[in-house]
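Now for the letters of each chain:
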Amino acid sequence: MKNNISLIGFMGSGKTTAGRLLADRMGYLFLDLDELIEISEQRKINDIFRESGEDYFRDIESKIVKKIAYNKTCVFACGGGAVLRGENTKIISKNCFVVYLKISPLEAIRRLSRSTDRPLLPDNKRDERIHKLIDTRDKLYSGYADIIINNEKVSPEDTVEKIIASMQ
């Protein structure tokens with residue numbers, strides 16, 4: 001069995017919420033990749049995107065993945081775009097049991113409707129952008145996941161139960 005658990009999926013899919021509960025339940029350390037990036041850069045993700053661009057953000061994301069993925073007994077909530085770079089997915093797949101928390105574009109639109117801190121979701125084309133991003137990323141998420149959990153109509157506690165059951 002792999003020593004860590006990595007949660008992947010689109011923005012708003014429940015990675016952080018379920019990840020915290022899962023880590024607590026298993027006695028693991030919880031690490032949120034986006035939070036670590038903000039700490040490392042001493043600025044919010046929106047500011048990183050605005051001031052330095054997405055490529056810079058992805059570079060920082062990859063550096064942090066390289067640093068943290070070799071830990072033991074951790075639950076990682078990956079950013080929605082962490083799967084865009086093969087170097088990230090290679091490291092994550094090698095060192096983590098990977099769980100894809102899947103939601104539909106309509107569910108993502110619903111969950112993210114009030115969010116103001118998503119640099120890839122401009123207000124004027126948010127719904128269109130969500131559809132496009134999920135269409136692009138779904139194959140990546142599915143391809144790297146050890147399991148896929150439909151995370152639409154379940155509580156975070158039920159999600160954790162499904163993850164634990166699938167690991168046994």
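Since we're looking at a predicted model, the values are computed, not measured.

Visitor: Mind showing me how you'd approach helix α8 (residues 156-167) here?
Guide: What sets the pattern is the α-helix's 3.6 residues per turn: residues three or four places apart point alike. With 12 residues, α8 extends 17 Å from end C-alpha to end C-alpha; this agrees with the ideal 16 Å at 1.5 Å per step. Restricting attention to buried positions, one finds in α8 the residues T159, V160, I163, I164 and M167. For α8, the angular spread of the buried residues around the axis is 130°, confining them to a single face. On its buried face, α8 is in contact with β1 (4-8), α1 (15-26), β4 (96-102) and β5 (147-150).

Visitor: Hey, could you run me through the pairing of strand β3 (residues 74-77) in this one?
Guide: Within a regular beta strand, the side chains point alternately toward one face of the sheet and then the other, so they alternate between its two faces. Here β3 shows a buried face lined by C74 and F76 and a second buried face lined by V75 and A77. Two elements, β1 and β3, share 3 bridges in a ladder whose sense is parallel. Its bridge partner being in β3, S6 is matched across the sheet by F76. Across 4 bridges, strand β2 (residues 29-32) lies against β3 in parallel orientation. Each residue of the ladder has a partner; that of D32, found in β3, is A77.

Analysis parameters
Residues numbered from 1 in each chain as written. Predicted model: local features only at pLDDT ≥ 70, side-chain atom pairs only at ≥ 80, totals over all residues. Heavy atoms only, no water. Helix = DSSP H or I, 4+ residues; strand = E, 2+ residues; numbered from the N terminus. Expected span 1.5 Å × (residues − 1). Buried < 20%, exposed > 50% of the residue type's maximum accessible area, 1.4 Å probe, protein only. Arc of directions from axis to C-beta. Contact = heavy atoms within 4.5 Å. Pairing = 2+ DSSP bridges.

The quantities given are spatial measurements derived from coordinates; they are silent on function.
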